[in-house]
Amino acid sequence: MEQEHRGSMCYRERNGVGYLTFPAFDRVHFVRHAFSTRVGGVSPAPFNTMNLSRGRGDSDAHVNRNLHLLCDAVGVDYCSLVSSAQDHHTQIRRVGRRECGLGVRFPADRQSVDGLITDEPGVTLLTHYADCTPLFFLDRKKRAIGLAHAGWRGTAAQIGAITVQSMQKEFSSDPADILVGIGPSIGPCCFEVDRDVAEAFMALWTFEPNAFVKAGRPGKYQVDLWEANRRILLGAGILAQHITVGGLCSCCNHSWLWSHRATKGVRGGMAALMQLLPE
Ligand SMILES: [Zn+2]
């Protein structure tokens, strides 16, 4: 297997399928996780070649084949996947074996799910991205995991903190035990926004927004979704040394990551997945 560092993440290739992991999570023996790339898969242009998003013009057969290939490369069972139903809100859903297949093998049964959490081994959480920020959560003590989809709306609505609170409520997690990975998304280099979006971030005044909203070209602003999420997570009790910022911009790296902005929306999608290994 090929393996190298990219940003603060580890890039691996198995059976021609390329994916990223967080070294801090790789060191925990009872969890498996990955963030997909464009590398591998069977989709034709403009979805070439690893597309994991349905409903963007690629065939469902290609997406399903790609999901199988990713699952095989990472070492999780396709049948164990439970998908989110993302719509840029902050609903977090606790799932278990009963939900396996939802949004993948069976239609989703809910409209708005931007975060998934579980403490059941053998259940694989699946969330979708193309510039939005993936947040990975791992409570090593309580053996619970979570994935959250933090686009600019979700980030500004503090989905990171809401996911931590959901884990506290559902699993009695102590935030001091939770590792967090902030995965590839549009970076501060490329996330140029108008005043209305900048204002949503400037309203996060308790987190010192000067650290993640900067004036850009005339009338424009640059937002750092990684730093905004990091500060919100610190505010929720996550320890600084437990947060890894992947540091990979999907827009700068659009040759091997999917970026909504770089492709002007003609694109495939990436996925985050995570599973507590069966005993
Ligand atoms: Zn960039």
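To start, this report covers the structure provided alongside it. Source: prediction; values computed, not measured.

Rules used in this analysis
- The residue numbers shown here count from 1 along each chain, following its written sequence.
- Given that this is a predicted model, residues contribute local features only at a pLDDT of at least 70 and side-chain atom pairs are listed and counted only at 80 or more, while totals for whole chains, interfaces and linings are drawn from all residues.
- Excluded from the side-chain calculations are hydrogens and water; all other atoms, namely the structure's heavy atoms, are used.
- Think of a salt bridge as a Lys or Arg side-chain nitrogen and an Asp or Glu carboxyl oxygen that are within 4 Å of each other.
- Segments assigned H or I by DSSP are reported as helices when at least four residues long, segments assigned E as strands when at least two residues long, and all are numbered from the N terminus.
- Each residue's exposure class comes from its accessible area (1.4 Å probe, protein chains only) as a fraction of the maximum for that residue type: buried when under 20%, exposed when over 50%, partly exposed otherwise.
- We call two residues in contact whenever any of their non-hydrogen atoms come within 4.5 Å of each other.
- A pair of strands is considered paired only if DSSP assigns at least 2 bridges between the two.
- Only nitrogen, oxygen and sulfur atoms qualify as donors, provided they sit within 2.8 Å of the metal or within 3.2 Å for Na, K and Ca; with water excluded from the atoms, sites may seem incomplete.
- Just to be clear on the cut-offs, tetrahedral is four donors with all angles between 85 and 135 degrees, square planar is four donors and octahedral six with opposite donors over 155 degrees apart and all others between 65 and 115, and anything else goes down as irregular.
- All axes here are fitted lines through C-alpha atoms, helices being fitted over the stretch that makes contact, and every angle between N-to-C directions spans 0 to 180 degrees.
- What a helix should span is 1.5 Å times the count of its residues minus one.
- Note on aromatic pairs: the rings of Phe, Tyr and Trp (six-membered ring only in Trp) are paired at centre separations within 6.5 Å, and the planes decide the class, stacked below 30 degrees, edge-to-face beyond 60, tilted for the rest.
- By the criterion adopted, a ring carries a charge over it if an Arg CZ or a Lys NZ lies within 6 Å of its centre and within 35 degrees of its normal.

1. Some words on the pattern of salt bridges
Summed over all chains, the structure comprises 13 salt bridges. Between Glu192 and Arg217 there is a salt bridge, and its shortest N-O distance comes to 2.7 Å. Placement of Glu192 in strand S12 (residues 192-193) and of Arg217 in the loop between strand S13 (213-215) and strand S14 (221-223) is noted, with a sequence separation of 25 residues between them. With a relative accessible area of 53%, Arg217 lands in the exposed category.

2. Topic: the environment of Pro188
Locating Pro188 in the fold gives a position in the loop between strand S11 (178-182) and S12. The spatial distance from the C-alpha of Pro188 to the C-alpha of Gly57 is 29 Å, given a sequence separation of 131 residues. If sequence neighbours within four positions are ignored, Pro188 has contacts with Gln222, Val223, Asp224 and Trp226.

3. Digging into the pairing of strand S8 (residues 124-129)
Within S8, six of the six residues are buried, which leaves the element mostly enclosed by the surrounding structure. Neither face of S8 is exposed, since Thr124, Leu126 and His128 on one face and Leu125, Thr127 and Tyr129 on the opposite face are all buried. In terms of strand pairing, strand S5 (residues 81-83) meets S8 through three bridges, oriented parallel. Within S8, the residue paired with Leu81 across the bridge is Thr124. As defined by bridge partners, S8 adjoins strand S16 (residues 270-276) across six bridges and the pair is classed as antiparallel. Each residue of the ladder has a partner; that of Tyr129, found in S16, is Met270.

4. Some remarks on the coordination of the zinc ion
Within the protein, Cys189 (SG), Cys190 (SG), Cys249 (SG) and Cys252 (SG) serve as the donor atoms for the zinc ion, at 2.2 to 2.3 Å. Viewed at the metal, the four donor atoms of the zinc ion are separated by angles of 105 to 116 degrees, and the geometry they form is tetrahedral. The sequence pattern describing where the donors of the zinc ion fall on their chain is C-C-x58-C-x2-C. Judged by its relative accessible area of 48%, Cys189 is partly exposed.

5. A word on the sheet that holds S13
The strands making up a sheet associate through backbone hydrogen bonding, with each pair oriented either parallel or antiparallel. Read from one edge to the other, the open sheet built from three strands follows the order S12-S14-S13, with strand pairing classed as antiparallel. What marks the edges here is a single partner per strand, and that holds for S12 and S13. By the bridge criterion, three bridges tie S13 to S14 in an arrangement that is antiparallel. Its bridge partner being in S14, Val213 is matched across the sheet by Val223. Against the sheet, helix H5 (residues 195-202) touches S12, S13 and S14, its axis set at about 50 degrees to S14.

6. Brief notes about helix H4 (residues 159-171)
Taking 1.5 Å as the rise per residue, H4 with 13 residues should run 18 Å; its terminal C-alpha atoms sit 18 Å apart, in good agreement. Buried residues of H4: Ile159, Gly160, Ala161, Thr163, Val164, Ser166, Met167 and Phe171, and no others. Positive phi shows up at Ser172, right after H4, with a value of about 55 degrees.

7. Describing the packing of aromatic side chains
All told, the structure shown has six aromatic pairs when counted by the stated rule. Ring geometry for Phe22 and Phe25: centres 5.6 Å apart, planes at 40 degrees, overall tilted. Look at Phe35 and Tyr129: their rings are 5.7 Å apart centre to centre, the planes differ by 50 degrees, and that puts the pair in the tilted class. Placement of the pair is Phe35 in strand S4 (residues 31-36) and Tyr129 in strand S8, with a sequence separation of 94 residues. One exposure class covers both Phe35 and Tyr129, and it is buried. A network of ring pairs unites the aromatic residues Phe22, Phe25 and Phe136 as a single cluster. Its guanidinium or amino end placed over the ring of Tyr11, Arg6 lies 3.7 Å from that ring's centre, counting from NZ or CZ. Seen from the ring of Phe30, Arg143 lies directly overhead, with NZ or CZ sitting 3.9 Å from the centre.

All quantities given are derived from atomic positions and should not be read as evidence of function.
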